[in-house]
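A closer look at the structure
These are the residues of each chain, in order.
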Amino acid sequence: MTARARSFGTRGLSSRAGVFGILLVGALATGTTRAATSPAPPAASAASKVSLPPARTVTLPNGARLILAERHDVPLISFGGTIRGAGDLTDPPGKEGLASLTADLLRKGAGKRSAREIAAVVDGAGADLSTDAGVETATISGKFMARDQALMIELIRSLLREPAFPDSEFTKLKEQTIEGLKAQKDDLYSMLGLYAAAYFYGSHPYGRPVTGDEATVAAITRDDVLACYRRNYGGDRLILAIVGDFDARAMEAKLRSALGDWPAAASPAPAVPPTSRRTGRRVLLVNRPDATQSYFWIGNLGVSRTDPDRVAIDVVNTAFGGRFTSMLNTALRIKSGLTYGAVARIPRPTQPGAVALVSYTKTETTQKAIDLALATLAGLRSSGLDRPALRSATQYIEGQYPTAFETNGQIAGALADLAYHDLPLTEVTEYPARVEAVRDPAALMPVIQRVYPPASDLTFVVVGKADVLRPMLKKYGPIVETTMDEPLLTGVRRADHSKAR
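Residues numbered from 1 in each chain as written. Predicted model: local features only at pLDDT ≥ 70, side-chain atom pairs only at ≥ 80, totals over all residues. Heavy atoms only, no water.

1. Details of the pattern of salt bridges
Per the counting criterion, the structure on display carries 29 salt bridges. Among the salt bridges present, the one from aspartate 261 reaches arginine 161, with a minimum N-O distance of 2.7 Å. In this pair, aspartate 261 sits in the loop between α9 (248–259) and β9 (281–287) while arginine 161 sits in helix α4 (residues 149–161), placing the two residues 100 residues apart along the sequence. Between arginine 305 and glutamate 427 there is a salt bridge, with its nearest N and O atoms 3.9 Å apart. With arginine 305 in the loop between β10 (293–301) and α10 (310–321) and glutamate 427 in helix α15 (residues 426–429), the pair connects residues that are 122 residues apart, well separated along the chain. As far as the burial class goes, arginine 305 and glutamate 427 line up, both buried. (Salt bridge = Lys/Arg side-chain N within 4 Å of Asp/Glu carboxyl O. Helix = DSSP H or I, 4+ residues; strand = E, 2+ residues; numbered from the N terminus. Buried < 20%, exposed > 50% of the residue type's maximum accessible area, 1.4 Å probe, protein only.)

2. Points about helix α12 (residues 366–383)
Residues lying three or four places apart along an α-helix face the same way, a consequence of the helix completing one turn every 3.6 residues. The end-to-end C-alpha distance of α12, which contains 18 residues, comes to 26 Å, matching closely the 26 Å that a straight helix rising 1.5 Å per residue would cover. Those residues of α12 lying buried are Thr366, Ala369, Ile370, Ala373, Leu374, Thr376, Leu377, Leu380 and Arg381. Within α12, the buried residues cover an arc of 155° as seen down the axis, which keeps them to one side. Opposite the packed face of α12, turned more than 90 degrees from it, sit the exposed residues Lys368, Ser382 and Ser383. (Expected span 1.5 Å × (residues − 1). Arc of directions from axis to C-beta.)

3. Side note on the packing of helix α6 (residues 188–201) against helix α19 (residues 488–496)
Running from amino to carboxyl end, α6 crosses α19 at an angle of 45°, the nearest separation of the two axes being 10 Å. With respect to α19, the axis of α6 lies oblique. Here the hand of the crossing between α6 and α19 comes out right-handed. Side by side, α6 and α19 meet where Met191, Leu194, Tyr195, Ala198 and Tyr199 of the first sit next to Leu488, Leu489, Val492 and Asp496 of the second. Residue composition of the contact of α6 with α19, by class: eight nonpolar, no polar and one charged. (Axes fitted to C-alpha atoms, helices over the stretch in contact; angles between N-to-C directions. Parallel < 35°, antiparallel > 145°, perpendicular 65-115°, else oblique. Left-handed = near helix turned anticlockwise from the far one by under 90°. Contact = heavy atoms within 4.5 Å. Nonpolar A, V, L, I, M, F, W, Y, C, P; charged D, E, K, R; others polar.)

4. Thoughts on the environment of phenylalanine 246
Residue placement: phenylalanine 246 occurs in the loop between β8 (238–244) and α9. The buried category is assigned to phenylalanine 246, whose relative accessible area is 4%. Sequence separation between phenylalanine 246 and isoleucine 77 is 169 residues; the distance between their C-alpha atoms is 7.5 Å. Filtering out sequence-adjacent residues up to four positions away, phenylalanine 246 remains in contact with Leu68, Ala69, Glu70, His72, Ile77, Gln149 and Met251.

5. Topic: the sheet that holds strand β14 (residues 479–483)
Taken in spatial order, the six strands of this open sheet run β11-β12-β10-β13-β9-β14, and their pairing is mixed. Every other strand in the sheet has two partners, leaving β11 (342–345) and β14 as the edge strands with one partner each. Taking the axes of each pair of neighbouring strands and ignoring which way they run, one obtains an average angle of 15° across the sheet. Helix-sheet contacts for α12 involve β9, β10, β12 (354–362) and β13 (458–464), and the interaxial angle to β10 is about 30°. Lying over the sheet, α19 contacts β9 and β14, oriented at roughly 155° with respect to β14. (Pairing = 2+ DSSP bridges.)

6. Description of the nonpolar core
Generally speaking, a soluble globular protein has its nonpolar side chains buried in company with each other. Residues Ile370, Tyr452 and Leu473 are the most contacted members of the largest nonpolar core, which totals 66 residues. Contact partners of leucine 473, with chain neighbours within four places excluded, come to Val283, Leu285, Ile370, Val462 and Ile479. Of all hydrophobic cores here, the second largest spans 50 residues; its members include Leu68, Leu98, Ala103 and Leu240. (Core = buried A, V, L, I, M, F, W, Y, C linked by side-chain atoms within 4.5 Å.)

7. Brief notes about unusual backbone geometry
Phi angles above zero are rare outside glycine, and phenylalanine 165 is one such case at about 45°. Residue placement: phenylalanine 165 occurs in the loop between α4 and α5 (167–184). A relative accessible area of 2% means that phenylalanine 165 is categorised as buried.

8. Remarks on the sheet that holds strand β1 (residues 55–59)
The strands making up a sheet associate through backbone hydrogen bonding, with each pair oriented either parallel or antiparallel. Taking strand neighbours across the sheet as the criterion, the six strands line up as β1-β2-β8-β3-β7-β6 in an open arrangement whose pairing is mixed. Taken across any chain shown, the strands that pair with only one partner, and hence form the sheet edges, are β1 and β6 (128–133). Taken over all neighbouring pairs, the strand axes of this sheet differ in orientation by 10° on average, direction set aside. Summarising the sheet, β6 and strand β7 (residues 137–145) pair through six bridges and their orientation is antiparallel. Bridged to alanine 133 within β7 is alanine 138. Running over the sheet, α9 touches β1, β2 (65–70), β3 (76–84) and β8 and is turned about 150° from β2. Running over the sheet, helix α14 (residues 408–420) touches β2, β3, β7 and β8 and is turned about 150° from β8.

9. Details of the pairing of β1
Consecutive side chains along a regular strand alternate between the two faces of the sheet. Bridge count between β1 and β2: five bridges; the pairing is antiparallel. Following the sheet pairing, threonine 59 is matched in β2 by arginine 65. Hairpin connection of β1 to β2: five residues between the antiparallel strands, including glycine 63 at a positive phi of 100°.

10. Things to note about the packing of aromatic side chains
Scanning the entire structure with this criterion turns up 13 aromatic pairs. When the centroid spacing of 5.0 Å and the interplanar angle of 25° are considered together, the rings of tyrosine 229 and tyrosine 233 count as stacked. Taking the centre distance of 5.5 Å and the plane angle of 75° together, the rings of phenylalanine 320 and tyrosine 452 count as edge-to-face. Here tyrosine 452 lies in the loop between α17 (441–451) and β13 and phenylalanine 320 lies in helix α10, a separation of 132 residues in the sequence. Assessed through its relative accessible area of 2%, tyrosine 452 is described here as buried. Three or more aromatic residues link up through ring pairs in this structure, and these residues are Phe200, Tyr201, Tyr206 and Trp297. Here the guanidinium or amino end of arginine 282 rests over the ring plane of tyrosine 199, the centre of that ring lying 4.0 Å away. (Phe/Tyr/Trp six-rings, centres within 6.5 Å; stacked < 30°, edge-to-face > 60°. Lys NZ or Arg CZ within 6 Å of the ring centre and 35° of its normal.)

Below, the structure written as structure tokens:
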């Protein structure tokens, strides 16, 4: 395994795809709007409508939730499972990365099968099977031929209920993780998101890199993994969505047999603590002496997954920083040539995440690029969107949105996400019509003012050559510094408690 630049919500804070590809903002951040919709939402165009297959939802006696949707167009079955609260929310201080290591080890031996045997049987069936962990949850997902559904159910049961956590596999994966974390430091763009989260959120769980850092992973023992599993895995925590070529009632019976008597986790699922907005300005400078470019993140607290204005926010952020022709990318790339990409990110976990402007530029043009990003943000807050920009954004979303629900796997993931956040299917099916209803630029101004931070309240995180950048960054606020030579969390926490320059 290599270190993964994961983040909460969309998992996109550290993803290159957001800058170099076309970003569909809020593909699942759907629902009703408050101030930004017309009184009578029009119907979406036929091309943009989204429908989901009928789903049978069952809660087993142990609390496990099953969502079963038949779809017989191809002989495939996909599934997406969520273990609530089994992400790094519960990682002990100094052992960040424990939940991630635990989730990865589920595939490294379970029941009567070794890691090699699990991989061989999955490959032999031409299937996919993965386990993972994020900030709030652990996941299990996969894809099998319909004829292999018995094997699929057996593997789901075995990995979830009978993981062996072999000592040899634990040692190997731990060493690979540490090496991957060290190697990841060569990818400064992905590191930017991790440093930004750690500095902005501080001790809040959202600030922890899901895979930890070299020091925290080195401190994890196999006993820690066993305790993490006992504490966080159980039938009461499971949401499992299955979509594809099967009979829903027959599938329910098989899953009841496999998972219905899975005992509850030893601890109740943890609640995500509240997040808070930062006041004033502050700067974290991460030194990479050999860097020829600087990477910057500018932000403050944004919104949660269920924010009442989430559709309006999708539209605004698509126009502002969520596609190639956005205001931010036009200013920093298309017109000025300062960067190959600039994006505005609004990840939306259970509690409000951070809204941020993210880009990179040559070291010597850092101040110019940051000033232009700030000017573009100020322009959004003062002037909002004009009607052509608003209409272009809604049409863009309506055209892109249906592609997020084409495969069984996409649908299974959407159903599990909706269940996790207790949202109805109309979150998906009515979304295009709700986007279509966002028509009044004036009605968007209160949303913009609430969501996008003012110039006076911003956190800046910059990765690059500190000796050159330090004089440029003083204008943005008091500076604290760390270096990539230190483990990430150690360096950020030390910097956060040091005296700002």
